[in-house]
Amino acid sequence: MLKKHPTFPGVKGPVVTIIMDGIGYSPKTFGNAIAQAYTPTLDRLLATCQHTFLKAHGKAVGMPSDEDMGNSEVGHNALGSGQVYNQGASLVAEAIASGTLFQGAAWREIIANAREHGSTLHFIGLFSDGNVHSHIDHLKAMIVRAKADGLQRVRVHILLDGRDVPETSALDYVGPFETFLAELRKDGFDARIASGGGRMSITMDRYEADWDMVERGWRTHVLGEARHFESATQAIETLRAEHPGIIDQNLPPFVIVQDGESIGRIFDKDSVIFFNFRGDRAIEMSRAFEEEEFAPFDRVRHPGVTYAGMLQYDGDLGIPRRYLVSPPAIRDTLGEYLAAEGITQLAISETQKYGHVTYFWNGNRSGKFNETLETYVEIPSDKVPFEQRPWMKSAEITDELIRQLKTGKHRTARVNYANGDMVGHTGNYQATIIAVETVDLALARLLPVIDALEGVALITADHGNADEMYELDKKTGEPQQSVHGIPKAKTSHTLNPVPFIYYDSRRRAVVTNPGDAGLSAVAATTVNLLGYQAPGMWDRGLLEFR
Ligand code: 3PG
Ligand code: CO
């Protein structure tokens, strides 16, 4: 249970946390869609409200190093738990470095199965060093170990990134990886890339937004049904030439063939490792492999394989059953404490970020802590490339949020506006400016309602994205020029901090930040505003009460 705050009795109205996904802060204006956007509300807030900036990347959110950008999973985990846990990226890197991954039952079963049947070990996953969903070094370490453990044949199914890494960088990964495999093949070990495609074209759907993506992935990796090429490099070069301007995440699927035959279909008795550590975009394909009865699409053929995920992607639903590394055990979350205290909660977003304000927010837990105290609202996302609809569902979310707040039922609410992030990931600068303006417009509608209810808004973000729309040169910090002298579009998150704005027309507190506060400070801030002390394991809040 929460203890009463020693001095502050709590605000009367709702405490609303507004997550402007992908809206970080950078003092630079060139290539900054937030600086370029018309944002009268945000400008006014920053001019008139108490605010600070929070760390949203690197160790402050449990990533292995401060070179690692933040992402929505680790960001919402920190916001919703008030604590910093070592995250999947860190846990897997440690498990590989210490060798514990290879001593675990899951790895041994994967290897034993392929050895016993003389079958193939397949790896499927995001092929980059983005370290948001996966890291290519983890893949390489596992292939080396599979060889040392006596396997004969490995096939790799590569999901091209261009979203957590530069938008047309696929060949920077494929080239060296082919050399790496060729080296391993010298003494007869048979390891090859077997299929692939852009991560937004196949396999990595999330929150059941578009099962067709997963079906296309299944056909590609398992059935070997996609366009044929002799190598991944040939596939990427050909598909790029045929689709001018296409970026890696959208490349169509391909299958590598030899003498007209796919070299890497997945059959009964094979072993399969899905090497992403992050769950949201790994759950659906894992279900397709694991479930006996499976409704979302016709698998045509369902091979009986020994399947493992890098992590367990959903601990409550047990997906997948077998996994190589245990996920962070996030406990004592804000949602759990509020539920125990009898405080009502509303969570709302559109499909693309719905799991972020529920599952990730609650420490990777599906379902509610308390059915009657919690209301979860999902507004269905569009199924179009988001640069074509940069407003996404912001208006609908705002309509529903205002309606819900006016019922007076919710003491706390959290909302995610996905625009800055989802449109920022397309690399389309013009559309991202509109996306940011859309969020500003939503704030303009929402804040007066919160104020009229005598509530407070905490306006923040989970990580940056729209704040840097051009790839910056690591040394100079200036935008990199492409061959045509045009700055290179950047699709990934940034290392920038995020704003934290305390919107309270009654000015009941002042913002304090010792300088190193991260996203995990927001949970304590929330309970303080409700008139409670934060539990001891949470990082300290950002407000001092007068
Ligand atoms: C994605 O999955 O879309 C990106 O890799 C990361 O985006 P998110 O962390 O903002 O969801
Ligand atoms: Co993102």
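Residues numbered from 1 in each chain as written. Chains lettered and ligands numbered in written order. Predicted model: local features only at pLDDT ≥ 70, side-chain atom pairs only at ≥ 80, totals over all residues. Heavy atoms only, no water.

- Under an unreviewed UniProt entry, the name given to the protein chain is 2,3-bisphosphoglycerate-independent phosphoglycerate mutase, and the organism recorded is Methylococcus geothermalis.
- You can read under Catalytic activity (unreviewed entry) in the UniProt record for the protein chain the words "(2R)-2-phosphoglycerate = (2R)-3-phosphoglycerate".
- Regarding the protein chain, the UniProt comment filed under Pathway (unreviewed entry) reads as follows: "Carbohydrate degradation; glycolysis; pyruvate from D-glyceraldehyde 3-phosphate: step 3/5." (UniProt positions renumbered as here; feature names shortened; annotations may be inferred.)

### Regarding the overall build of the protein chain
Argument step 1. Within the protein chain, the regular secondary structure consists of 17 helices and 18 strands.
Argument step 2. In terms of overall size, the protein chain behaves like a compact globule, its C-alpha atoms giving a radius of gyration of 23 Å where 546 residues would be expected to give roughly 24 Å.
Argument step 3. In terms of overall dimensions, the protein chain has a C-alpha envelope of 75 × 55 × 40 Å along the principal axes.
Argument step 4. When the 546 residues of the protein chain are sorted by exposure, 64% land in the buried category.
Argument step 5. A separation threshold of at least 6 residues defines the contact pool for the protein chain, and within that pool the share at least 24 residues apart is 79%.
Argument step 6. As presented, the protein chain carries roughly 20300 Å² of accessible surface, and 49% of it is formed by carbon and sulfur atoms. (Helix = DSSP H or I, 4+ residues; strand = E, 2+ residues; numbered from the N terminus. Rg over C-alpha atoms; globule rule 2.2 N^0.38 Å. Buried < 20%, exposed > 50% of the residue type's maximum accessible area, 1.4 Å probe, protein only. Contact = heavy atoms within 4.5 Å. Areas by Shrake-Rupley, 256 points an atom, 1.4 Å probe, with all protein chains shown as cover.)

### Quick look at the UniProt feature "active site" (unreviewed entry) in the protein chain
Argument step 1. The UniProt feature table records "active site" (unreviewed entry) at Ser72.
Argument step 2. By the element assignment, Ser72 lies in helix α3 (residues 72-81).
Argument step 3. Looking at Ser72, the relative accessible area reads 2%, which means it is buried.

### Concerning the UniProt feature "binding site: Mn(2+) 1" (unreviewed entry) in the protein chain
Argument step 1. Feature annotation in UniProt assigns "binding site: Mn(2+) 1" (unreviewed entry) to the following positions: Asp421, His425 and His493. These annotated residues cover 73 residues of sequence, and their C-alpha atoms all fall within 7.8 Å of one another, placing them together at a single site.
Argument step 2. The topology assignment puts Asp421 in helix α15 (residues 419-424).
Argument step 3. Given a relative accessible area of 1%, Asp421 falls into the buried group.
Argument step 4. Non-local contacts of Asp421, meaning those with residues more than four positions away in its chain, are made with Asp21, Gly22, Ser72, Lys353, His463, Asn465 and His493.
Argument step 5. Here His493 is to be found in the loop between β15 (456-460) and β16 (498-503).
Argument step 6. Here His493 falls in the buried class, since its relative accessible area comes to 5%.
Argument step 7. A distance of 2.8 Å separates a polar side-chain atom of His493 from the backbone oxygen of Gly70. (Polar contact = N/O pair within 3.5 Å; in protein donor to acceptor, adjacent residues only side chain to side chain.)

### With respect to the domain arrangement of the protein chain
Argument step 1. Each assigned domain of the protein chain is listed with its residue range as follows: domain 1 (15-86 + 329-545) and domain 2 (89-325).
Argument step 2. With centres defined by C-alpha atoms, the gap from domain 1 to domain 2 works out at 31 Å.
Argument step 3. Each side of the interface is counted separately: domain 1 has 28 residues, and domain 2 has 28 residues.
Argument step 4. Between domain 1 and domain 2 lies a buried interface of about 2200 Å² when both sides are counted; carbon and sulfur atoms form 47% of it.
Argument step 5. Between the two partners, domain 1 and domain 2, sit zero salt bridges.
Argument step 6. Summed over the shared surface of domain 1 and domain 2, the number is twelve residue pairs in polar contact (both at pLDDT 80 or more).
Argument step 7. Within the residue set of the side of domain 1 that touches domain 2, elements represented by two or more residues are α3 and α13 (351-360).
Argument step 8. Counting residues per element, the side of domain 1 that touches domain 2 draws most heavily on α13, at eight residues.
Argument step 9. For the side of domain 1 that touches domain 2, the class distribution of residues is eight nonpolar, 14 polar and six charged. (Domains from an automatic or database assignment. Buried area = accessible area lost by both parts, 1.4 Å probe. Salt bridge = Lys/Arg side-chain N within 4 Å of Asp/Glu carboxyl O. Nonpolar A, V, L, I, M, F, W, Y, C, P; charged D, E, K, R; others polar.)

### A closer look at the pattern of salt bridges
Argument step 1. If you walk through the whole model with that rule in mind, you get 27 salt bridges.
Argument step 2. In this structure, Arg445 engages Asp399 in a salt bridge whose closest nitrogen and oxygen atoms are separated by 2.6 Å. In this pair, Arg445 is assigned in helix α16 (residues 429-452) and Asp399 in helix α14 (residues 394-406), connecting sequence segments 46 residues apart.
Argument step 3. Between Arg508 and Asp504 there is a salt bridge; the shortest N-O distance is 3.0 Å.

### Remarks on the nonpolar core
One recurring pattern in soluble globular proteins: nonpolar side chains tend to sit buried together.
Argument step 1. Among the nonpolar cores identified, the biggest contains 122 residues, and Phe123, Ile143, Phe177, Phe289, Met310 and Leu324 are the most heavily contacted of them.
Argument step 2. Residues in contact with Ile143, not counting those within four places in the same chain, are Phe123, Val154, Val156, Phe177, Phe180, Leu181, Leu184 and Phe189.
Argument step 3. Core analysis: the second largest hydrophobic core is formed by 38 residues, Leu42, Ile397, Ala413 and Ala457 among them. (Core = buried A, V, L, I, M, F, W, Y, C linked by side-chain atoms within 4.5 Å.)

### Quick word on the sheet that holds β16
Pairing between the strands of a sheet is mediated by backbone hydrogen bonds and can be parallel or antiparallel.
Argument step 1. Strand order in the open sheet made by the seven strands is β2-β16-β15-β1-β14-β12-β13, with mixed pairing throughout. Whereas interior strands pair on both sides, the edge strands pair on one side only; in this sheet they are β2 (50-54) and β13 (374-379). Across this sheet, the average inter-strand angle for adjacent strands is 15°, counted without regard to direction. (Pairing = 2+ DSSP bridges. Axes fitted to C-alpha atoms, helices over the stretch in contact; angles between N-to-C directions.)

### Section: the pairing of strand β4 (residues 153-160)
Argument step 1. With seven of its eight residues buried, β4 lies for the most part within the structure.
Argument step 2. Pairing between strand β3 (residues 120-127) and β4: eight bridges, direction parallel. Residue pairing for β4: Thr120 is matched across the bridge by Arg153.
Argument step 3. Handedness of the crossover is the feature at issue here: the chain leaves β3, passes through helix α7 (residues 136-148), returns alongside β4, and the resulting connection is right-handed.
Argument step 4. Of the strand pairs in this sheet, β4 and strand β5 (residues 190-198) are connected by eight bridges, and their pairing is parallel. Among the inter-strand pairings, Val156 is bridged to a residue of β5, identified as Ile193.
Argument step 5. Once the chain exits β4 it traverses helix α8 (residues 170-185) before rejoining the sheet at β5, and the crossover so formed is right-handed. (Right-handed = clockwise from strand over helix to strand, strands pointing away.)

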